[in-house]
Amino acid sequence: MFKRMRSDIQAVFDNDPAARSWFEIIFTYSGLHAIWSHRLAHAFYRRRWFTIARIISQTSRFFTGIEIHPGARIGNRLFIDHGMGVVIGETCEIGDDVVIYQGVTLGGSGKEKGKRHPTIGNNVVIGSGAKILGSFKIGDQSNIGANSVVLKEVPPESTVVGIPGKVVRLRGKPLDRLSHQLPDPVVDSMKALQSQIEELQSEIADLKGQLRRQEHVTSE
């Protein structure tokens, strides 16, 4: 147990340049508190003491702002940075050396029974506000962009951005020449409107030309 706790603390040092000392990490890092509380809650959950497990998880949620269902399975060295608003569902599985930022939801997409939450591979980074919804896997070494909404499986070594989430890099190579840009629905809408305006302007110019020709013929 103590070996695992030391590795959790080391994960903070490895991922947060602001971390200064073990004392500071142990007493001020809410993500670490949430993970340790979850380990206790999960132990009761596995013994089918569900009510006690939920009391522990909800108490942790009250103090940390991070909600981890006691049924979730979490690997080694998970780092939750600025974890306010993080939600991890009951059947979620998280691998080793994963980094999760604030506002992330690892949730389900419906009311189905059984496995309904995502499986997160090893060495995955999930950006602020990202939502991963459904029972599928996020491959090892993948990066999920901030505020992305992921609704389907992601292959290993991928970068995902957008709503819905789209794989824009795979194994370090861009899938298209604009993959470095985040999809922007507002910009797309403005481009569509501009195209329609140009078509209308062209049609109006044609109508004006026809009217002038008719007036010219009439005057003759």
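Each value, and the rule that gives it
Residues numbered from 1 in each chain as written. Predicted model: local features only at pLDDT ≥ 70, side-chain atom pairs only at ≥ 80, totals over all residues. Heavy atoms only, no water. Helix = DSSP H or I, 4+ residues; strand = E, 2+ residues; numbered from the N terminus. Rg over C-alpha atoms; globule rule 2.2 N^0.38 Å. Buried < 20%, exposed > 50% of the residue type's maximum accessible area, 1.4 Å probe, protein only. Contact = heavy atoms within 4.5 Å. Areas by Shrake-Rupley, 256 points an atom, 1.4 Å probe, with all protein chains shown as cover. pLDDT = per-residue confidence, 0-100. Pairing = 2+ DSSP bridges. Domains from an automatic or database assignment. Salt bridge = Lys/Arg side-chain N within 4 Å of Asp/Glu carboxyl O. Expected span 1.5 Å × (residues − 1). Arc of directions from axis to C-beta.

Student: Kindly report on the overall build of the protein chain, identifying the contributing residues and their values.
Tutor: Each helix and strand counted, the protein chain has five helices and 16 strands in total. Rg of the C-alpha trace for the protein chain: 26 Å, well past the compact-globule value of 17 Å for 220 residues, more than 25% over. Seen through its principal axes, the protein chain has C-alpha atoms that stretch 100 × 40 × 30 Å. Expressed as a percentage of the 220 residues in the protein chain, the buried residues total 38%. Relative to all contacts within the protein chain whose residues are 6 or more apart in sequence, the contacts with residues 24 or more apart total 28%. For the protein chain, the exposed surface amounts to about 13,600 Å²; the carbon and sulfur share of it is 57%.

Student: Please give an account of the confidence of the model for the protein chain that cites residues and values.
Tutor: Of the residues in the protein chain, 91% have a pLDDT of 70 or more, and the chain-wide mean is 86. Considering only residues more than four positions removed or in separate chains, one finds that residues 177-181, a stretch of pLDDT under 50, has two contacts.

Student: Can you lay out the pairing of strand β14 (residues 158-161) for me, pointing to particular residues and giving the numbers?
Tutor: If a strand is regular, its side chains alternate between the two faces of the sheet. Relative to β14, strand β12 (residues 143-144) runs parallel, the two sharing two bridges. Counterpart to Asn143 in the pairing with β14 is Thr159. One ladder, built from four bridges, connects β14 with strand β15 (residues 166-170); its direction is antiparallel. Counterpart to Val161 in the pairing with β15 is Lys166. In textbook terms, the turn of a hairpin is the stretch between consecutive antiparallel strands, and for β14 and β15 this stretch comprises four residues, one of which, Gly162, has a positive phi near 100 degrees.

Student: How would you summarise the domain arrangement of the protein chain if you had to cite specific residues and measurements?
Tutor: Split by domain assignment, the protein chain resolves into domain 1 (1-180) and domain 2 (184-219). Summarising the inter-unit geometry, the C-alpha centres of domain 1 and domain 2 are found 52 Å apart.

Student: Please give an account of the pattern of salt bridges that cites residues and values.
Tutor: For the structure shown, the criterion picks out five salt bridges. A salt bridge links Glu24 to Arg20; its shortest N-O distance comes to 3.6 Å. For Glu24, a relative accessible area of 23% gives the class partly exposed. Two residues, Glu67 and Arg61, come together in a salt bridge whose shortest N-O distance is 2.8 Å.

Student: Go over the sheet that holds strand β11 (residues 137-138), please, and point to the residues and values.
Tutor: Here four strands make up an open sheet; going across it, the order is β2-β5-β8-β11 and the pairing parallel. Each of the sheet's edge strands pairs with one partner strand only, and the pair in question is β2 (73-74) and β11. Where strand β8 (residues 119-120) lies against β11, two bridges are found, and the strand directions are parallel. Its bridge partner being in β11, Thr119 is matched across the sheet by Lys137.

Student: Got a sec to walk through helix α4 (residues 50-64)? Specific residues and values, please.
Tutor: Spanning 15 residues, α4 covers 21 Å between terminal C-alpha atoms, matching the ideal 21 Å at 1.5 Å per step. Those residues of α4 not exposed but buried are Ala53, Ile56, Ser57, Ser60 and Thr64. One side of α4 holds all its buried residues, which, seen down the axis, span an arc of 95 degrees. Turned more than 90 degrees away from the buried face of α4 sit Thr51 and Phe62, all of them exposed. Those residues of α4 hidden inside the fold are in contact with α3 (30-46) and β1 (67-68). Positive phi appears at Gly65, one or two residues downstream of α4, with a value of about 75 degrees.

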